[in-house]
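Listed below, chain by chain, are the residues.
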Amino acid sequence: MAERGERQRVTVVTGGSRGIGAAICLRLAAEGHDVAIGYRSNAEAAEGVAEGVRALGRAAVAVAVDTADAADVDRFFETAASHLGPVTGLVNDAGVSGPVGPLTDADPEGMRRAGERPGGDIRFEFSPEVFNLTEPDFVLDVCNGLTELWEASPDRPVIHNLPATLEIATPDVYADQIEYMHRHLARRESVILSVHPHNDRGTGVACAELAVKAGAQRVEGCLFGNGERTGNVDLVTLALNLYAQGVDPMIDFSDIDAVRDVVEHCNRIPVHPRHPYGGELVHTAFSGTHQDAIAKGMAHHAKQAAEAGVSAGEAPWAVPYLPIDPGDIGRTYEEVIRINSQSGKGGIAHLLRTHHGLDLPQAMRPDFSQTVQQVTDSTGSELSPGELWDLFRTTYVAPSGEGPFLLESWSTSETGPGAHEFSCELRAEGQVRSLRGTGNGPLSALTDVLRAAGVTVDVLGFAEHSTATGPGNPAAAYAECRVDGAVSWGAGWDTSVLAASVHAVMAAVNRAGGLTR
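Residues numbered from 1 in each chain as written. Predicted model: local features only at pLDDT ≥ 70, side-chain atom pairs only at ≥ 80, totals over all residues. Heavy atoms only, no water.

Draft legend 1. Quick peek at the overall build of the protein chain. From N to C terminus, the protein chain includes 15 helices and 14 strands. Across the 517 residues of the protein chain, 43% fall into the buried class. Restricting to contacts in the protein chain with at least 6 residues of sequence separation, those with at least 24 account for 58%. Approximately 26,300 Å² of the protein chain is accessible, and the part contributed by carbon and sulfur atoms is 52%. (Helix = DSSP H or I, 4+ residues; strand = E, 2+ residues; numbered from the N terminus. Buried < 20%, exposed > 50% of the residue type's maximum accessible area, 1.4 Å probe, protein only. Contact = heavy atoms within 4.5 Å. Areas by Shrake-Rupley, 256 points an atom, 1.4 Å probe, with all protein chains shown as cover.)

Take a look at the structure:
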């Protein structure tokens, strides 16, 4: 029974005593439905299905019914309601596996009455299976005959669904066929012109898009292109192509990964990682040129949003290689750029800036890119943002405390306008020496100390910045130095800008020793 406060689900299944119908009854019971099982003649089989439903903890009743007899159908529903409660769902003719009669023998008056039943929202559809292989005028005559038979009107239109059951030509040929029907169908205002493209030539989406331009008003398809053989037109691609052009498809794909998970679960078929829009890798760039363009585009997008006083999600989207904003379909910016052996310096710098607040100088990026490529080439794997930071820290920051030259302690002072002194205890080649140097700034005075220790150091380039706003956040410093003729980069990371700068120079000095050995 349903829990208190939970709506009880009662589903009527006609043709539920055998085959597909019986399987549907048991599946409904497993999903928490009470089931009324309609059968034509085999009471024993129907009762067996009912017992199966009860074994799953749900209520069931088996009722003999002739679905061609309106009074008998009314009695069936009344019996279901009296035994199980108000009916909340219907699966009709679940056990039917063959034709039930010629379409032209259908009673229009009965169809009209079905549509006029309270709560009835019934629309009739005709789908000529081999439309695109048939003479257009023959299909036109059949469709017009059914429009008249069903007494279609603008307020009660019929659907003529015209499939490309087997793609045999280019999409423009199918669109021409649809346009011919659009222009020549009788009582056109009473017809919803629908298309149902398959994907045998891989052009199902193009067929649908051109068909809509040619006059179609409705498209039948499947999520992620599932269906017979090569599948039906993919509604995900079709809808998000519209979205990319600024047209709301009125389908909610704001969590595309959840949609994909459900489709994969139901179909037991995985969605390809590079499937348009929904694949795992479609918003991911590995190529260096793509990463550089995306990183610059996203920085420009954020700048434009800030200048307009809106969030990045509200600003017009115009980022290279990304036709729609990944955030609009539940993806994150972090997954857009991933690092492997193809990755470029721009993508690497983007991840360090995004995840760790590091803004590498332009001149330093090629140096670190080479290091990353060496690692990814040797391992054959990607680097996560955390692993990228660990590699940067090991390569450029850690050497300030590991190597032949280590500062045991140090201090600086300004001795006069434009004059600075650097005093330290320097461990060089295993021995500690007290040294003092002077210069026009702290780093210049440090290089004077190193010169006294026998190392010639020229600071060729220097940059520093805060990694975040607010007091107590670390500063990052970067130093490019020529050390005894060898050029190397070092980095420092400290809450003190001066300390980060000193560490960056010492890291460059110790790295130069390792690079020249």
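Draft legend 2. Quick look at the pairing of strand S9 (residues 405–416). Of the strand pairs in this sheet, S9 and strand S10 (residues 419–428) are connected by ten bridges, and their pairing is antiparallel. When the sheet's bridge partners are listed, Phe405 is paired in S10 with Ala428. (Pairing = 2+ DSSP bridges.)

Draft legend 3. How the structure looks around the nonpolar core. In terms of nonpolar packing, the biggest core is built from 26 residues, with Leu426, Leu450 and Val509 touching the most fellow members. Only S10, helix H14 (442–452), strand S13 (475–483) and helix H15 (497–516) provide two or more residues apiece to this core. For Leu426, the residues in contact, after removing those within four places along its chain, are Phe405, Leu406, Leu407, Gln431, Val432, Arg433, Leu435, Leu450, Ala453 and Met506. With 24 residues, the next largest nonpolar core counts Phe126, Ala164, Val191 and Ala216 among its residues. (Core = buried A, V, L, I, M, F, W, Y, C linked by side-chain atoms within 4.5 Å.)

Draft legend 4. Just the layout of surface pockets, in detail. In this structure, the second largest pocket encloses a volume near 410 Å³. Elements with a minimum of two residues in the lining of the second largest pocket: helix H7 (204–213), strand S8 (218–219) and helix H8 (235–244). Here the lining of the second largest pocket gets six residues from one element, more than from any other, and that element is H7. Residues of the lining of the second largest pocket, tallied by class, amount to twelve nonpolar, one polar and three charged. (1 Å grid on protein atoms, 1.4 Å probe; cavity = no way out; pocket = protein on both sides within 12 Å on 5 of 7 lines; lining within 4 Å. Points joined across faces, edges and corners; volume = space filled by probe spheres on them. Nonpolar A, V, L, I, M, F, W, Y, C, P; charged D, E, K, R; others polar.)

Draft legend 5. Just helix H13 (residues 385–397), in detail. The end-to-end C-alpha distance of H13, which contains 13 residues, comes to 17 Å, matching closely the 18 Å that a straight helix rising 1.5 Å per residue would cover. Listed as buried for H13 are Leu388, Trp389, Leu391, Phe392, Thr395, Tyr396 and Val397. (Expected span 1.5 Å × (residues − 1).)

Draft legend 6. Local environment of the packing of aromatic side chains. Tallied over the entire structure, the rule returns nine aromatic pairs. Ring geometry for Phe131 and Tyr174: centres 6.5 Å apart, planes at 75°, overall edge-to-face. Here Phe131 is found in the loop between strand S5 (125–126) and helix H5 (136–149), whereas its partner Tyr174 is found in helix H6 (residues 171–184), with 43 residues between them in sequence. Exposure remark for Phe131: the relative accessible area of 2% places this residue in the buried category. Given a relative accessible area of 4%, Tyr174 falls into the buried group. (Phe/Tyr/Trp six-rings, centres within 6.5 Å; stacked < 30°, edge-to-face > 60°.)

Draft legend 7. Expanded view of the side chain of His196. Secondary-structure assignment places His196 in strand S7 (residues 191–197). According to the relative accessible area criterion, His196 is buried, its value standing at 18%. Only 2.7 Å separates the side chain of His196 from the side chain of Glu220, close enough to count as a polar contact. When near neighbours in sequence (up to four residues on either side) are disregarded, His196 contacts Asn161, Leu162, Pro163, Ala164, Tyr174, Glu220 and Asn232. (Polar contact = N/O pair within 3.5 Å; in protein donor to acceptor, adjacent residues only side chain to side chain.)

Draft legend 8. Fine view of a nonpolar patch on the surface. A grouping of Val130, Leu133, Leu166 and Ile168 is seen on the molecular surface, where their side chains present a nonpolar patch of about 340 Å² in accessible area. Along the chain, the position of Leu166 falls in the loop between strand S6 (158–164) and H6. Judged by relative accessible area, which is 38%, Leu166 ranks as partly exposed. (Patch = residues over 30% accessible without salt bridge, like charges linked within 9 Å, V, L, I, M, F, W, Y side chains within 5 Å. Salt bridge = Lys/Arg side-chain N within 4 Å of Asp/Glu carboxyl O.)

Draft legend 9. How the structure looks around the packing of helix H11 (residues 345–356) against helix H12 (residues 365–379). Here H11 crosses H12 at 95°, and the two axes come no closer than 9 Å. Here H11 is positioned roughly perpendicular relative to H12, judged by the angle of their axes. Taking contact as the criterion, the partners of Lys345, Ile348, Ala349, Leu352 and Arg353 in H11 are, on H12, Arg365, Pro366, Phe368, Ser369 and Val372. Classifying every residue of the contact of H11 with H12 gives six nonpolar, one polar and three charged. (Axes fitted to C-alpha atoms, helices over the stretch in contact; angles between N-to-C directions. Parallel < 35°, antiparallel > 145°, perpendicular 65-115°, else oblique.)

Draft legend 10. Spotlight on the sheet that holds S6. Strand order in the open sheet formed by four strands is S5-S6-S7-S8, with parallel pairing between adjacent strands. Strand pairing shows two members of the sheet lacking a second neighbour, S5 and S8, which therefore form its edges. Strand direction decides the pairing type here: S6 and S7, joined by seven bridges, are parallel. The partner of Pro163 across the bridge, within S7, is His196. Helix-sheet contacts for H7 involve S7 and S8, and the interaxial angle to S7 is about 160°.

Draft legend 11. Geometry of the sheet that holds S13. In spatial order, the strands read S12-S13-S14; together these three strands make up an open sheet with antiparallel pairing. Pairing within the sheet leaves two strands with one partner each, and these edge strands are strand S12 (457–466) and strand S14 (486–494). This sheet shows a mean twist of 15° between the axes of neighbouring strands, independent of strand direction. Against the sheet, H13 makes contact with S13 and S14, and its axis sits at roughly 120° relative to S14, the strand it touches most.

Draft legend 12. Focus on the pattern of salt bridges. For the structure shown, the criterion picks out 18 salt bridges. Of the charged contacts in the structure, one is a salt bridge between Arg75 and Asp72, with a shortest N-O distance of 2.7 Å. Note that Arg75 and Asp72 are positioned in helix H3 (residues 70–84) at a spacing of three residues, about one turn of the helix. With a relative accessible area of 17%, Asp72 lands in the buried category. In this structure, the salt-bridge partner of Arg183 is Glu179, at a minimum N-O distance of 3.0 Å.

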